[in-house]
Each structure stands twice: as C-alpha cells, then as structure tokens.
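# Tertiary structure, described
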Amino acid sequence: MQLVVFNKQKLSSIITICLVVIVVLVCVRLGFWQLQRAEQKQQQLSAIENIQQHGVMSWAELQQLPKEWNKTGVLVSLNGYFDTNNYWLLDNQIYNGQVGYDLLALLKLSDESRFLLVNLGWVKAERSREILPNVTIPSGKFTLTAQIKEDNLSGFTLANNNTQSDLAKRIQIIDLQALSSQSNRPLVNFMAYRQGQADEIAAPHYEAVVMSPEKHYAYSVQWFLIAIACVVVAIFASRKRR
C-alpha cells in the first residue's frame, strides 16, 4: 500500500515538474520574442526618422530614389485628381474606440500615367453592416501630404480575402492587383496614407509603428517575471508537500 502511494506521489511530482518546465520555457521564449520585436520596431523607427530628415518630397523626387529602397515612411506632397467612381471601404478599422472603415481612393497624379491608392482616413460605420456610410471623394484638383507605405499593405484582418458576402465597396484586405483589376486602372506598387487633421472627408490616423519598442520591452519583462513566479511557486509547493 505504501509503495502504491509512493509511486502516485512520484508520478504527480514528475507531472508537476514537467508542467512547470513547459510554462517557464514558453514564458522565456515569449520574453525573448518581445525583445526581438522591440529591436525590430526600433530599427523601423530609426529608418523612418532617417528618411524623413529629407523633409516632404515631391512626387518627382520620390521617383528618383533608388528602386531597391523601401520607401515606407517617406513624406510626399501629392496633387492630382481623384477618381470619384472608384473607392473602397477597408473593414474593421478602430479609431478613438469606434468601429468604422478606412476610405481608399485612387489619385491620378499630374505627372504620372498610373494611379496611386490613397488612404484618406477613417469614417464611422453605420449601425447596420448592410448599410455603408456616405463618403465624400474630393472632386477637382486636390493637394495633400501623405506617408508612403510599400510593404505589408494588407495589415491585420479577420478574413483571408475579400469575401462574396461583402458589399461592392467593402473590402477586407488591400490587394493592389485585385483593386487594379476591379477598377481597370494601372496602380503604383505602393500606397499613401493622408496626413493631417480630420475633416469632412475622413480622419487620417495612420501610424507607421503602432506599438512602441518600450511597450515590447515592458511585455518582455512581464513574461520573464511570470516565468520566475512559476519557479518560485513550484519550489514553495514542493517544500510544503514534503
């Protein structure tokens, strides 16, 4: 009888140790991952800061940059005419705690044969998803300052693609080829985010880096502390059992 009890206790101790080791390893791994993300965000911020030291570029100056350069973060002054017949509403966008859409429109630049996809900013959603908000696409010649984004255009999405259940103007992801085909317009291979204050068109809210490196560092400390806490609790529990 004592042997059976001893074996059960031993098995229970082994299971507990294995669980503690697994939890600690996972927490440590997540802590180092947060440190890695913090370093990546810091490098991204540094790259954007360096490129923005050139100030606001014209479209001609932007085109003169080497093709191999990632133009993400470049501030550029744009002027041209919006295609009022082709626009889209990017779903599931949060601004000041409210759910809505980002208004995307095509800008025909004055000295460019292609169209540039511009994120004009956030617009509030209607109460029913069956009704899309009324939007204002600027008519006539329009000038704006925008920040270029060249990679990871789709961003976070709850869907894998634009679904058939969506209304004609509502999209789930940004796919330049699909939007070019849908509008029958040749598009530049990157997009622009309008900068400035909210107006009757929309509320610009784009930030190249949403979560700062400091937050990633804070999260990494939390994961390491959780790992330490697991070890301490396991040690005290083991002593109490003995």
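Just so it is clear, the structure is predicted and the values come from calculations on it, not from any experiment. (Residues numbered from 1 in each chain as written. Predicted model: local features only at pLDDT ≥ 70, side-chain atom pairs only at ≥ 80, totals over all residues. Heavy atoms only, no water.)

## Focus: the UniProt feature "transmembrane region" (unreviewed entry) in the chain
The criterion, for reference: UniProt positions are given in the numbering used here, feature names are shortened, and annotations may be inferred rather than shown by experiment. Put simply, DSSP marks the helices as runs of H or I at least four residues long and the strands as runs of E at least two long, and each gets a number from the N terminus on.
Feature annotation in UniProt assigns "transmembrane region" (unreviewed entry) to the following positions: residues 12-33 and 217-237. Across residues 217-237 one finds 100% helix and 0% strand; the C-alpha atoms that close the span lie 30 Å apart.

## Focus: helix 3 (residues 176-183)
Rules: Think of it in three bands: residues with accessible area under 20% of the maximum for their type are buried, residues over 50% are exposed, and the middle band is partly exposed, with areas taken using a 1.4 Å probe on protein chains only. Each C-beta atom gives one direction from the helix axis, and the arc is the one those directions make. Any pair of residues with heavy atoms lying within 4.5 Å of one another is described as a contacting pair. Pairing of N or O atoms within 3.5 Å defines a polar contact, subject to two protein rules: one partner must be a possible hydrogen donor and the other a possible acceptor, and residues neighboring in sequence count only if both atoms are side-chain atoms.
Residues of helix 3 that are buried: L176, L179 and S183. Along the axis of helix 3, the buried positions cluster into a sector of 65°, meaning they face one direction only. Set apart from the buried face of helix 3 by more than 90 degrees, the exposed residues are Q177 and S181. Residues of helix 3 that are buried in the fold lie against strand 2 (75-95), strand 3 (98-109), strand 4 (115-124), strand 6 (170-171) and strand 7 (187-194). Two or three places before Q177, at the start of helix 3, stands the capping residue D175, its side-chain oxygen 3.1 Å from that residue's backbone nitrogen. Taken from the residues just after helix 3, N184 is the one with a positive phi, measuring 60°.

## Digging into the side chain of N86
With respect to the element layout, N86 can be found in strand 2. A distance of 2.7 Å separates the side chain of N86 from the side chain of D83, its partner in a polar contact. When neighbours within four sequence positions are excluded, N86 is seen to be in contact with A105, L106, K169, S183 and R185.

## Thoughts on the pattern of salt bridges
Test applied: For this document, the term salt bridge refers to a Lys or Arg side-chain nitrogen within 4 Å of an Asp or Glu carboxyl oxygen.
Evaluation of the coordinates by the stated rule reveals four salt bridges. When the shortest N-O distance is used, the salt bridge between R185 and D83 registers 3.1 Å. A residue pair is termed long-range when its members are at least 10 positions apart, and R185 in the loop between helix 3 and strand 7 and D83 in strand 2 qualify at 102 residues. E112 is paired through a salt bridge with R114; the nearest N and O atoms lie 2.9 Å apart.

## Comments concerning the nonpolar core
It is characteristic of soluble globular proteins that their nonpolar side chains tend to be buried jointly. The following threshold applies: Buried residues of nine kinds, namely Ala, Val, Leu, Ile, Met, Phe, Trp, Tyr and Cys, make up a nonpolar core once their side-chain atoms join them within 4.5 Å.
Among the nonpolar cores identified, the biggest contains 29 residues, and W59, L62, L78, F82, L116, V118 and L144 are the most heavily contacted of them. At the level of elements, helix 2 (59-63), strand 2, strand 3, strand 4, strand 5 (141-149) and strand 7 are the ones that each hand at least two residues to this core. Residues within four places of L116 in sequence aside, it is in contact with W59, L78, A105, L106, L107, L109, V188, F190, M191 and A192.

## Comments concerning the pairing of strand 5
As a reminder of what qualifies: Note: two strands are recorded as paired if DSSP finds a minimum of 2 bridges between them.
Where strand 2 and strand 5 come together, seven bridges link them in antiparallel fashion. Opposite S77, over in strand 5, you have T145 as the bridge partner. Relative to strand 7, strand 5 is paired through four bridges, and the arrangement is antiparallel. By the bridge assignment, I148 is partnered in strand 7 with A192.

## Quick notes on unusual backbone geometry
Although it is not a glycine, N92 adopts a positive phi angle of roughly 60°. Here N92 lies in strand 2. Look at N92 and you get partly exposed, because its relative accessible area is 35%. Positioned with a positive phi, N96 is a non-glycine residue whose angle comes to about 55°.

## With respect to the environment of T143
Mapping T143 onto the fold places it in strand 5. In the structure, T143 is positioned 65 residues away from L78 in sequence and 5.6 Å away in space, judged by C-alpha atoms. In this structure T143 touches S77, L78 and N79, once residues within four positions along its chain are discounted.

## Some details on the side chain of S183
Along the chain, S183 turns up in helix 3. With a relative accessible area of 8%, S183 lands in the buried category. A distance of 3.4 Å separates a polar side-chain atom of S183 from the backbone oxygen of S180. Excluding its chain neighbours within four sequence positions, the residues that come into contact with S183 are N86, W88 and L106.

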